[in-house]
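# Understanding the architecture of this molecule
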Amino acid sequence: MFENLSDKLQNALQKLKGKGKLTEKDIDLAMKEVKMSLLEADVNYKVVKTFIGNVKERSLGSEVMDSLTPGQQVVKIVHEELVKIMGQGESRLKFNQNDVTYFMMSGLQGAGKTTATGKLAKKLKKDGKRPLLVACDIYRPAAIKQLEVVGESVGVPVFQMGDKTSPVTIAKEAMKHAMKHGHDVVIIDTAGRLHIDESLMEELVQIKQTVNPEEILLVLDAMTGQDAVKVAETFNQYLDVTGVILTKVDGDARGGAALSIRNVVDKPIKFLSVGEKMDQLEPFYPDRMASRILGMGDVLSIIEKAQSAFDEKQAVELQKKLKKQEFNLEDFLSQLQQMKNMGPLDELLEMIPGLSGNKKLKGLKVDEKELVFTEAIIQSMTKKERQNPTIINGSRRKRIAAGSGTSVQRVNQLLKQYDEMKKMMKKFSSMEKTMGKKKGLGGMGRFKMPF
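Residues numbered from 1 in each chain as written. Predicted model: local features only at pLDDT ≥ 70, side-chain atom pairs only at ≥ 80, totals over all residues. Heavy atoms only, no water.

### Observations regarding the overall build of the protein chain
Each helix and strand counted, the protein chain has 20 helices and 8 strands in total. With 451 residues in all, the protein chain has 49% of them scored as buried. Restricting the contact set of the protein chain to residue pairs at least 6 apart, pairs at least 24 apart contribute 74%. Carbon together with sulfur atoms contributes 48% to the accessible area of the protein chain, which is approximately 22,000 Å² in total. (Helix = DSSP H or I, 4+ residues; strand = E, 2+ residues; numbered from the N terminus. Buried < 20%, exposed > 50% of the residue type's maximum accessible area, 1.4 Å probe, protein only. Contact = heavy atoms within 4.5 Å. Areas by Shrake-Rupley, 256 points an atom, 1.4 Å probe, with all protein chains shown as cover.)

Here's what the structure looks like:
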């Protein structure tokens, strides 16, 4: 989402890093580039004006001018101000500790509301909750069926009464159903419209009054930029939303909505929908996002993804192998399959400090379809070849290619990927000690990285 903005901001600030002393003119030129970068990313003009003003004022102060590394201090200030406009910390969901918790999903048609509803349900189920989905969109053709399909895919039941009953009545009956069947969280998928109208808002207000939800989550399409912010303003006026879920952030969104909503509407972004799969819903951390935008990496997110995707016992065994330089192609296949659960490799690379700005690594992806060929190639090798790939010469490559039904080119490509993976694993391994010492990691520091 922030790729273009990230490149431009890093380029603008890079010019300051090499200077031993900064002048007001240096800062003015850099801030001009930063301002243009933000505006091109469709960030709200008032937000940009305030941001630039704050950064410039602080950059002209003693913390920069008297510093031995003034360029680094400016980057630090930019980071802090980015965090400030996106929100100071993670905004967690609120739960009713004494009764059923109700979440109300709202938004316009086409924003991905129903899919986001399913993703949220899956996340809550994984966290030990017993969610119930409620189909209150009786207007859009096949909306109820879509929610049922989504519910089935995440293993969460759906309460529906067809499209002839009013959404307010459906919500009332869903409350009774949830209590009777022991559900502790109810997620209401409300109707959207192609545009905001009075009847839509009135219906949403009535549902809100009926269920008194702990959270009213507004689902916004990040691709719509400032239009998303305008939609947020209108929904907030009627409903007083508690948070935002930004969808389609894995597309060509320029990032303007993410950088503007908190400042304009004063409501936090709670989640980002980062892909099409039902487990691709991530909490939004302003500080981590700011670090990624500025090319500083996102170590904490890597740790959390690793904890979720890898078996800790297996991770410890692999770590021992790495230290002894025993990481082989069988391990390589296992790691590829598990890393797939962590998300696209290019996204992981963006989170690694020092690698996020490496242009050579841009565009590097692990195609899931390639795993089929990878498995066939590895299984066509002898045990000795899998354990020691360095012995695979030209004739062996031809035999492996024939045995796997692939080509020598594919075998060569796999061996090259294996070498690149080994290098990256070493990078992760060397970072482990640093991660464990970072302030705020708590128990995470004791988790063994699966590399």
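### Side note on the pairing of strand E1 (residues 101-106)
Of all 6 residues in E1, 6 are buried, a share of seventy percent or more. Every second residue of E1 is oriented toward a common face, with Thr101, Phe103 and Met105 on one face and Tyr102, Met104 and Ser106 on the other, all of them buried. Examined bridge by bridge, E1 and strand E4 (residues 185-190) share 5 bridges and lie parallel to one another. Along E4, the bridge assignment pairs tyrosine 102 with valine 186. As judged from the 4 bridges shared by E1 and strand E5 (residues 215-221), these two strands associate in the parallel manner. Across the sheet, methionine 104 pairs through a bridge with isoleucine 216, a residue of E5. (Pairing = 2+ DSSP bridges.)

### As for the sheet that holds strand E8 (residues 281-283)
In space, the 8 strands of this open sheet follow the order E3-E2-E4-E1-E5-E6-E7-E8, with mixed pairing throughout. Of all strands in the sheet, those bounded by a partner on one side alone are strand E3 (158-159) and E8. Here strand E6 (residues 243-247) runs beside strand E7 (residues 269-273); their pairing, made up of 3 bridges, is parallel. Of the residues in E7, the one forming a bridge with isoleucine 245 is phenylalanine 271. Contacting E5, E6 and E7, helix H11 (residues 256-265) crosses the sheet at an angle of about 175° to E6. (Axes fitted to C-alpha atoms, helices over the stretch in contact; angles between N-to-C directions.)

### Quick notes on the environment of glutamate 63
Its place among the elements puts glutamate 63 in helix H4 (residues 62-65). Setting aside anything within four residues of it in sequence, one finds glutamate 63 in contact with Arg58, Gln73 and Ile77.

### Overview of helix H3 (residues 45-59)
An α-helical segment advances 3.6 residues per turn. Residues three or four places apart therefore align on the same side. The end-to-end C-alpha distance of H3, which contains 15 residues, comes to 21 Å, matching closely the 21 Å that a straight helix rising 1.5 Å per residue would cover. Buried residues of H3: Val47, Val48, Phe51, Ile52, Val55 and Ser59, and no others. The buried residues of H3 all sit within an arc of 125° when viewed along its axis, so they share a single face. Among the exposed residues of H3, those pointing more than 90 degrees away from its buried face are Lys46, Lys49 and Glu57. (Expected span 1.5 Å × (residues − 1). Arc of directions from axis to C-beta.)

### Observations regarding the packing of aromatic side chains
On inspection of all chains with the given rule, the structure shows 1 aromatic pair. Taking the ring centre of phenylalanine 95 as reference, the NZ or CZ of lysine 129 above it sits at 4.4 Å. A cation sits over an aromatic face here: arginine 288 above tyrosine 285, 3.6 Å from the ring centre. (Phe/Tyr/Trp six-rings, centres within 6.5 Å; stacked < 30°, edge-to-face > 60°. Lys NZ or Arg CZ within 6 Å of the ring centre and 35° of its normal.)

### Comments concerning the pattern of salt bridges
Taken as a whole, this structure holds 18 salt bridges when the rule is applied. A salt bridge links arginine 396 to glutamate 385, with the nearest nitrogen and oxygen atoms 2.8 Å apart. One end of the pair, arginine 396, is in helix H19 (residues 394-404); the other, glutamate 385, is in helix H18 (residues 383-387), with 11 residues separating them in the sequence. Given a relative accessible area of 27%, arginine 396 falls into the partly exposed group. A relative accessible area of 0% means that glutamate 385 is categorised as buried. (Salt bridge = Lys/Arg side-chain N within 4 Å of Asp/Glu carboxyl O.)

### As for helix H7 (residues 143-154)
For H7, which comprises 12 residues, the first-to-last C-alpha distance of 17 Å matches the rise-based estimate of 16 Å (1.5 Å per residue) to within 8%. Every buried residue of H7 is listed here: Ala143, Ile144, Leu147, Val150, Gly151 and Val154. Seen end-on, H7 carries its buried residues on one side only, within an arc spanning 125°. Along H7, exposed side chains directed more than 90 degrees from the buried face belong to Lys145 and Glu152. Check the buried side of H7 and you find it contacts helix H6 (113-126), strand E2 (131-136), E3 and E4. Immediately downstream of H7, the backbone of glycine 155 shows phi near 70°, a positive value.

### Comments concerning the environment of valine 241
Among the secondary structure elements, valine 241 is positioned in the loop between helix H10 (226-239) and E6. Placed 26 residues apart in sequence, valine 241 and glutamate 215 show a C-alpha to C-alpha distance of 7.4 Å. Setting aside residues up to four positions removed in sequence, valine 241 forms contacts with Ile216, Leu218, Phe235, Asn236 and Lys267.

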